Amino acid sequence: MGENGEQDNQSPLLGASSSSDVSVPQGSVKRTGTVWTAMAHIITGVIGAGVLSLAWSVAQLGWIAGPVCMLIFAAITLLSTCLICDLYRYPDPEYGPIRLKSFMDAVKLYLGEKNQKVCGVIVQESFYGCGIAYTITSASSIKAILKSNCYHREGHNASCNYGDNLFMLLFGLVQIVVSQIPDFHNMQWLSVVAAIMSFSYSSIGLGLGIAKVIENGKILGSITGVSASSVADKLWLIFQALGDIAFAYPYATIVLEIQDTVKSPPPENKTMKKASTVAIIVTTFFYLCCGCFGYAAFGNDTPGNLLTGFGFYEPYWLIDFANACVVLHLVGGYQIYSQPVFTFVERWFSSKFPDSGFVNNNYAIKLPTLPLLQMNLFRLCFRTAYVVSTTAIAMLFPYFNQVLAVLGALNFWPLAIYFPVEMYFVQKKVGPWTKTWIALKTFSFVCLVVSILGLIGSVEGIISAKSG
């Protein structure tokens, strides 16, 4: 049917499933990307809602461990990215005739179908988790706008309490409508809007933090960070902070998609490594500024979300604008991460049930003042159920820092470390117990331990928040 052809032509930046043919004939696609466009894609893909939790993370870790951990995660991300960049062409990283257009394509070619299926589950889970996190964050920002206006009218000591559930339902309702728009995630303006919005609210958060430090006339905080009632509680907070930082950095799943837009010569891997290095330096500097100035401004009272925790009351209009930018960014961001899941599931059902009218038939609907819409019943039901499920889970666990930490810890090691390292071994034919093998295996094991600790801390945080 028409819908199948439309889906097959979709090529989201965040590829969720492997294409059937990883070998793309040279010259069949015109690639015009440069170092600058690749940098822009990377920075847009990395800087997001996670930046708002970094001040809280630094507060848990303290003035030494906080910045050091961010620098370590930056170095890990850069190493992981460089490994992935060399996987784009096969068998030679610079002149191989086969291009691998997505992370899933690379896993299938280098590690086989079994690993591809495992990786696919993790990737889909990460996309689904982002939908939950974005629902929570958007509702918090909408609530913060109302509270900001209330405090401005009634005074800073006023009782301005609003629930989360209504705003999550409203965000879910918007996503149900938006998810029915065909090819929404490929609209060029979406990435532009996302980039502008993310830089706007991140910059405002940074600016407010700097202004608060100047107003205080001193730098708050300590070397050991926020104190806790027991050593165990302190460890849980440290582990959760590691999970939040892990959520903010890696972008392994989109490296090859970005690299597939880059022109050659020079070889794409060299261009991409240069772009990644500069982008990670810029991002890390921005993260350090946001995290450190936020902690310096509030010390032990640093909020979990810099824009919704109400460390800032004035100028209220600027806080409103920043939170509005968050909501606008995440409306589109939700679709960027969800559309690959939609495409994957709909293709699977279409191939399994080729004769099903419910799955494959499209129905033309004409509404006043709107262009002709192609409605598919399966798409309507599945996408609606998907949005409802992410909204329901967000309402059940509306904990910004903890949910971000769970997602960061859960996906950091397998997607950013394990698969890239294992694929590198296959491509470079690295033998067991060689120096390179031992070094990268040790690196992978250490990152696994960090991920496990982050996951334990963040799950404990969710349990404590739920029971408290």
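Whatever comes next refers back to the structure up there.
First, a word on scope: everything that follows refers to the structure included in this document.

Each value, and the rule that gives it
Residues numbered from 1 in each chain as written. Predicted model: local features only at pLDDT ≥ 70, side-chain atom pairs only at ≥ 80, totals over all residues. Heavy atoms only, no water. Helix = DSSP H or I, 4+ residues; strand = E, 2+ residues; numbered from the N terminus. Buried < 20%, exposed > 50% of the residue type's maximum accessible area, 1.4 Å probe, protein only. Contact = heavy atoms within 4.5 Å. Core = buried A, V, L, I, M, F, W, Y, C linked by side-chain atoms within 4.5 Å.

**Concerning the environment of Ala416**
At step 1: Residue placement: Ala416 occurs in helix α14 (residues 400-428).
At step 2: What makes Ala416 buried here is its relative accessible area of 6%.
At step 3: When residues no more than four places from it in sequence are discounted, the contact partners of Ala416 are Ser80, Pro250, Ala252 and Asn411.

**Focus on the environment of Ala322**
At step 1: Within the element layout of this structure, Ala322 appears in helix α11 (residues 316-352).
At step 2: For Ala322, a relative accessible area of 0% translates into the label buried.
At step 3: The spatial distance from the C-alpha of Ala322 to the C-alpha of Val446 is 37 Å, given a sequence separation of 124 residues.
At step 4: Ala322 has contacts with Tyr201, Ile204 and Leu307, leaving out every residue within four places of it along the chain.

**Some words on unusual backbone geometry**
At step 1: Each neighbour pair has its own omega, and for Tyr90 with Pro91 the value is 0°, a cis peptide bond.
At step 2: With respect to the helices and strands, the residue Pro91 is situated in the loop between β1 (89-90) and β2 (98-99).
At step 3: A positive phi is found at Lys429, a non-glycine position, where the angle reads about 55°.
At step 4: Following the sequence through the fold, Lys429 ends up in the loop between α14 and α15 (435-467).
At step 5: Owing to a relative accessible area of 73%, Lys429 belongs among the exposed residues under this scheme.

**Focus on the nonpolar core**
At step 1: Ranked by internal contacts, the top residues of the largest apolar core, which has 114 residues, are Phe103, Tyr287 and Ile417.
At step 2: Sort the elements by how many residues they give to this core and α14 lands first, with 15 residues.
At step 3: Once you skip the residues sitting within four places of it in the chain, Tyr287 turns out to touch Val46, Ile47, Val51, Leu54, Met70, Ala248 and Tyr249.
At step 4: Core analysis: the next-biggest nonpolar cluster, separate from the first, contains six residues, Ala296, Ala297, Phe298 and Leu306 among them.

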